[in-house]
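# Descriptive structure summary
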Amino acid sequence: MRAPQPEPPIPGSFATPSLLAWIVNGKYVMSLPLYRIEADLKACVYFVKSVFRV
């Protein structure tokens, strides 16, 4: 038996609570501009894709 999946923080979005926290932390705590946050996210996605390439 599985527990029901929780509702996303933004309806209709794929963003998880941890992703939103990471973005808010970068923007408001570390004072990063959004283009830097976007570049970091793209680098992370590229890294994950290269690690799990079959």
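It should be noted that the structure appears before, not after, this text.
Residues numbered from 1 in each chain as written. Predicted model: local features only at pLDDT ≥ 70, side-chain atom pairs only at ≥ 80, totals over all residues. Heavy atoms only, no water.

### Notes on the overall build of the protein
Formally: For the purposes of this entry, the term helix denotes a DSSP run of H or I that reaches at least four residues, the term strand denotes a run of E that reaches at least two, and both are numbered from the N terminus. Buried residues are those whose accessible area, probed at 1.4 Å on protein chains only, stays under 20% of the maximum for their type, while exposed residues exceed 50% and partly exposed ones sit between those limits. A 1.4 Å probe and the Shrake-Rupley method give the accessible areas. Residues count as covered only by the protein chains that appear here.
Regarding its fold elements, the protein presents two helices and zero strands. Taking all 54 residues of the protein together, 7% fall into the buried category. Of the roughly 5,200 Å² that the protein leaves accessible, carbon and sulfur atoms contribute 67%.

### A few points about the pattern of salt bridges
Rules: Salt bridges are defined by distance alone: a side-chain nitrogen of Lys or Arg within 4 Å of a carboxyl oxygen of Asp or Glu.
In this structure the tally under the stated criterion is one salt bridge. When the shortest N-O distance is used, the salt bridge between E38 and K42 registers 3.5 Å. Note that E38 and K42 are positioned in helix α2 (residues 34-51) at a spacing of four residues, about one turn of the helix.

### A closer look at the environment of I23
Looking at the element boundaries, I23 is found in helix α1 (residues 17-29). Exposure remark for I23: the relative accessible area of 28% places this residue in the partly exposed category. As a C-alpha pair, I23 and E38 span 15 residues in sequence and 9.0 Å in three-dimensional space.

### Things to note about α1
As a reminder, the rule being used: In this scheme, a helix's expected span is set at 1.5 Å multiplied by one less than its residue total.
Here α1 is 13 residues long and its end C-alpha atoms lie 17 Å apart, about the 18 Å a rise of 1.5 Å per residue gives. One or two steps after α1, the chain reaches S31, where phi turns positive at roughly 55°.

### Some thoughts on a nonpolar patch on the surface
The condition is simple: Note that patches include only residues with greater than 30% relative accessible area and no salt bridge, and the join distances are 9 Å for like charges and 5 Å for nonpolar side chains (Val, Leu, Ile, Met, Phe, Trp, Tyr).
Residues V24, Y28, V29 and M30 make up a contiguous nonpolar surface patch of roughly 470 Å² in combined accessible area. Inspection of the secondary structure puts M30 in the loop between α1 and α2. Classification of M30 by relative accessible area gives exposed; the value is 52%.

### Things to note about the environment of V24
Residue position: V24 is located in helix α1. Note on V24: relative accessible area 45%, which makes it partly exposed.

### Some words on unusual backbone geometry
Even without being glycine, S31 reaches a positive phi, approximately 55°. Mapped onto the fold, S31 is located in the loop between α1 and α2. Of the residues examined, S31 reaches a relative accessible area of 57% and is grouped as exposed.

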